[in-house]
Amino acid sequence: AYENKILPMIALMRIEPRYQEELRGLLAGLQAALGDDAKIPSLNRPPRYEDLAAVNCIPDFTRMGCSSFAAWGPMTAQGHTIAGRNLDWLSIAPLLDSQIILVQSPAADGQTPGWVSVTWPSIIGCLTGMNADGVTVSMHDVGAGPPSSKFGFTPRAFALREAIESARGDTAAKDVARVLRSRQCAVGNNVPVTWPSVGRGSPSVVFEYDGDADNRKGLTVRWPNPQAAKGGTPTDSDPPTPSKRLDYQISTNHFRMRAPPHACERYAALERGLKTLAEENKKLDVDGAWDLLRTAAQPRAIALVILTYHSVVFEPNERRMHVAFSHDGKPAPESKPITLDVAKLLAADSPNPQSP
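Cut-offs used in this document
Residues numbered from 1 in each chain as written. Predicted model: local features only at pLDDT ≥ 70, side-chain atom pairs only at ≥ 80, totals over all residues. Heavy atoms only, no water. Pairing = 2+ DSSP bridges. Helix = DSSP H or I, 4+ residues; strand = E, 2+ residues; numbered from the N terminus. Axes fitted to C-alpha atoms, helices over the stretch in contact; angles between N-to-C directions. Contact = heavy atoms within 4.5 Å. Phe/Tyr/Trp six-rings, centres within 6.5 Å; stacked < 30°, edge-to-face > 60°. Buried < 20%, exposed > 50% of the residue type's maximum accessible area, 1.4 Å probe, protein only. Parallel < 35°, antiparallel > 145°, perpendicular 65-115°, else oblique. Left-handed = near helix turned anticlockwise from the far one by under 90°.

(A) Structural context of the sheet that holds strand E1 (residues 67-71). Ordered by their spatial adjacency, 6 strands build an open sheet running E11-E1-E2-E12-E13-E14, and the pairing between neighbours is antiparallel. Looking along the sheet, the strands with just one partner apiece sit at the ends: strand E11 (248-251) and strand E14 (338-341). For this sheet, the mean angle separating the axes of adjacent strands, direction not counted, is 15°. Of the pairings in the sheet, the one linking strand E12 (residues 306-315) to strand E13 (residues 320-325) comprises 6 bridges and is antiparallel in character. By the bridge assignment for E13, His310 is matched with Phe325. In the packing of helix H8 (residues 265-279) onto the sheet, contacts are made with E1, strand E2 (82-90) and E11, and the angle to E11 comes to roughly 165°. Lying over the sheet, helix H9 (residues 286-296) contacts E1, E2, E12 and E13, oriented at roughly 160° with respect to E12.

Following this line, the structure appears as structure tokens:
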């Protein structure tokens with residue numbers, strides 16, 4: 001099925017030349033390192049470029065079940081943005097205990113910011129990441145109807161990578177929207193995006209994104225305000241005014257504007273937790289963010305079917321990520337997290353490193 005069905009589908013995908021070059025570089029490195037041992041046992045042949053492209057298209061062939069939230073302003077101690085994300089996926093043996101942190105260097109010309117990715121080896125698109133400006137982008141699956149076209153799709157991991165490599169802190173919503181509108185997607189997505197809070201407006205947005213090009217070019221912008229939840233239509237250039245603004249936003253695996261929202265216990269659990277904090281006038285911090293992620297994680301009882309592989313708490317203002325991986329069948333937020341100083345990582349990896 002893989003060689004007869006999946007590989008021909010790769011020909012329908014549109015991968016930007018710079019990402020093709022990176023995949024070919026990975027293949028060359030793999031061949032140089034392993035020599036004759038570079039072989040895919042199940043196919044009894046050496047790996048090819050198309051195989052690495054197929055790995056990066058897995059999110060277009062297999063659905064995920066993820067959860068995210070963000071809070072800021074009166075909800076946090078300093079008014080800064082705090083966001084959290086769980087990545088849930090089918091429990092598959094090669095994905096267990098094999099996740100990595102990947103630091104993508106900034107472009108030498110300064111036009112493309114560096115970013116830090118939580119991923120698996122050879123997946124170079126964006127599943128979960130933060131860039132040098134503190135902009136975060138995460139992938140969430142949504143059940144959606146068939147796309148308008150039958151070819152010319154951009155793998156969503158590459159569309160999200162292009163988005164995070166284009167987004168600046170003060171124009172993040174516009175930058176990401178511009179990229180997503182220019183790339184046709186084959187499947188349904190919620191794309192939560194956050195950036196540093198500067199005390200005005202909402203530093204969070206969810207892009208409802210699919211292949212229905214007849215419906216707003218495949219993209220609807222959901223800001224965190226009651227009008228949006230009731231079917232309002234703010235644009236990326238029309239963020240909610242403070243009087244309308246909610247100081248938190250949630251996303252799981254259903255549209256709320258492109259289609260009527262569905263019942264979702266993970267969404268409800270996050271909403272209960274955030275509403276309680278607001279009603280009790282308590283401030284969300286990193287520890288509280290982990291508590292929220294645990295309420296939305298996939299339980300251990302179904303770990304053999306679906307698993308929360310990684311969980312991340314973002315602090316965009318501070319350019320920090322706190323990352324935990326699943327281990328021994330435990331959902332990720334039950335594991336001990338590590339803290340990544342994104343600014344230092346990217347400075348150290350820059351073509352023109354700054355002083356420590």
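Here the narrative resumes, following the displayed structure.
(B) Fine view of the packing of aromatic side chains. If you walk through the whole model with that rule in mind, you get 4 aromatic pairs. Centre to centre, the rings of Tyr19 and Phe158 are 5.2 Å apart; their planes meet at 10°, and the pair counts as stacked. Of the two residues, Tyr19 sits in helix H2 (residues 17-34) while Phe158 sits in helix H5 (residues 156-164), which places them 139 residues apart along the sequence. Using a relative accessible area of 1% as the deciding quantity, one classes Phe158 as buried.

(C) Layout of the environment of Leu180. Within the secondary structure layout, Leu180 lies in helix H6 (residues 172-181). With 53 residues separating them in the primary sequence, Leu180 and Leu127 have C-alpha atoms 15 Å apart. When residues no more than four places from it in sequence are discounted, the contact partners of Leu180 are Ala159, Leu160, Val191, Phe207, Tyr209 and Leu219.

(D) Molecular detail of the packing of H2 against H5. Where H2 meets H5, the axes come as close as 11 Å, and the angle between the chain directions of the two elements is 110°. Of the possible angle classes, the one that applies to H2 and H5 is roughly perpendicular. You can see that H2 and H5 cross each other, and the crossing is right-handed. Contacts from Arg18, Tyr19, Glu22 and Leu23 in H2 reach Phe158, Arg161 and Glu162 in H5.

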